[in-house]
Amino acid sequence: MMKRLTTRDILALGFMTFALFVGAGNIIFPPMVGIQSGEHVWVSAIGFLITAVGLPVVTVIALARVGGGVDSLSTPVGKAAGIVLAMVCYLAVGPLFATPRTATVSFEVGIGPLVGIGPLVGEKSKSLALAIYSAIYFSLVIVISLFPGKLLDTVGHFLAPVKIVALAILGIAALMWPAGNNLPATEIYQHAAFSNGFVNGYLTMDTLGALVFGIVIVNAARSRGIENPQLLTRYTVLAGLIAGVGLTLVYLSLFKLGSDSGSLIRQSANGAAILHAYVQHTFGAGGSLFLGVLIFIACMVTAIGLTCACAEFFAQYIPLSYKTLVVILGVFAMIISNLGLTHLIAISVPVLTAIYPPCIVLVMLSFTLNWWQEAGRIIKPAMAVSLVFGIIDGLKASDFSSVVPASLQHLPLSEQNLSWLPPVLVVIIVAAIIDRMKGKAVSVKTTQ
């Protein structure tokens, strides 16, 4: 008899997927957009939800259709190019940037304020405290990640529900006990509320995260004895949809929280400061503790998912065991995290901005494979062009912006970090015409 997941396990898989996505950045961005967009908050929210929920869920579905790995998804671009793309994605959202950032964010936003480490504390004391904290933090990440077969139990049945309860408390409080009235929208949101919400969702980089988490979700289902490809796809899609619903509810409540916090804090404040102001206003002295625990769990779950995914991936290509790679990745991420949040963000944003467009193109075109005579004819040039324009956007976001010619500084949609979209659409149309004219490639076999 074919093995199937119970309803409880399907929900746990969905909760785990939701918990993997919701890191500190996902909690911080919406309140900031909410307070700045003022009376246009729900227009901004629509734009945000398209890129912060829609794209990641679509990516999970795309990965489910190919078995869960970005290397499998990239088959039309060739094995070598696909492996390189996959490695870049895993390194970028893994040990180089995203995993270390979970430690620095949870320290600076959550734990630091609880133990009296704020802006006035000396850099040496702060660095020492971060070093101690990161050692403890990544020790926990490594220990839990060493047992991926237990991930559905540790994350899906325990950490994820705790995280969901904490977010539910915050969301219900935002709806029932608003802190005040919203402020008029800032100038940038008065003119382009939708596109600015769209950009903020785009910058959460959750689509890259989805490319990495896909294999974790599939393997979690396999750990329950599910081997049938159709069932794996169905359960992964259900998990993605459950996560999408959860993300939408969280974001909407956090938009509401930010929108109603205008009387508590200045409009230019970052999302962490807005959250601090709200929870202290609503929950009193226990507010900081509540936020600290929420941020810690949110970051911890994301770090575990990233570490498991990266170790699973690199174990296929490096002669090291999964458990050895977990330890190496955890220690490496711990070292990088001690650069501090400011330096990490400064380094990561240009790199992520460059590699994000080709990943989006790959995901979206993966649903069109049956449209073409030879899919590689369309996907390869489209990804190449998106990478070139992504690199241009990345350079503009870095300290090397001066090397970008003036003619490329103000391309259409460049302010939305989407300057790659028009040329990619043109290339797809041209490539589709060529593909139709050439027809299917014929492989000729020679006999000796």
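You'll find the structure just up there.
Computed from a prediction, not measured in an experiment: that's the story for all the values here.

Reading the values: rules and limits
- Along each chain, the written sequence defines residue order, and numbers are assigned to residues from 1.
- Totals for whole chains, interfaces and linings use every residue, but because this is a predicted model, local features are given only for residues with pLDDT of at least 70 and side-chain atom pairs only at 80 or more, for both listing and counting.
- Heavy atoms throughout the structure, all of them, feed into the side-chain values; hydrogens and water do not.
- Each helix is a run of H or I in the DSSP string that is no shorter than four residues. Each strand is a run of E no shorter than two, and both are numbered from the N terminus.
- Values of the radius of gyration come from C-alpha atoms, whereas the globule rule sets the reference at 2.2 Å times the count of residues to the power 0.38.
- Note on classification: 1.4 Å probe, protein chains only; a residue is buried when its accessible area is under 20% of the maximum for its type, exposed when over 50%, partly exposed between these limits.
- The contact criterion used is simple: two residues touch if any of their non-hydrogen atoms lie within 4.5 Å.
- For every accessible area listed, the method is Shrake-Rupley and the probe measures 1.4 Å; residues are considered covered only by the protein chains on display.
- In this charge count, Lys and Arg are treated as positive and Asp and Glu as negative; neither His nor the chain ends contribute.
- In plain terms, the charge of a residue is placed at NZ if it is Lys, CZ if Arg, CG if Asp and CD if Glu.
- Salt bridges are defined by distance alone: a side-chain nitrogen of Lys or Arg within 4 Å of a carboxyl oxygen of Asp or Glu.

### What to know about the overall build of the protein chain
Assigned secondary structure in the protein chain consists of 18 helices and zero strands. Taking 22 Å as the expected radius of gyration for a compact globule of 448 residues, we find that the protein chain reaches 22 Å, a close match to that expectation. Over its C-alpha atoms, taken along the principal directions, the protein chain stretches across nearly 80 × 55 × 45 Å. Within the protein chain, buried positions represent 54% of all 448 residues. Long-range contacts, defined here as pairs at least 24 residues apart, represent 83% of the contacts in the protein chain between residues at least 6 apart. Taken as a whole, the protein chain presents about 19,500 Å² of accessible surface, with 69% of it coming from carbon and sulfur. If the 23 positive side-chain charges of the protein chain are averaged to one point and the 16 negative ones to another, these points end up 11 Å apart.

### Focus: the pattern of salt bridges
Going through the model one piece at a time under the given rule, you end up with three salt bridges. The salt bridge involving Arg-377 is made with Asp-435; its shortest N-O contact spans 3.1 Å. Highlighted residues: Arg-377 in helix α17 (residues 375-396) and Asp-435 in helix α18 (residues 421-438), separated in sequence by 58 residues. Relative accessible area serves as the criterion here: at 1%, Asp-435 is assigned to the buried category. We note a salt bridge from Asp-393 to Lys-396, for which the minimum N-O separation is 3.4 Å. On the criterion of helical spacing, the pair formed by Asp-393 and Lys-396 is a turn pair, its members being three residues apart in helix α17. As far as burial versus exposure is concerned, Asp-393 and Lys-396 are alike and both buried.

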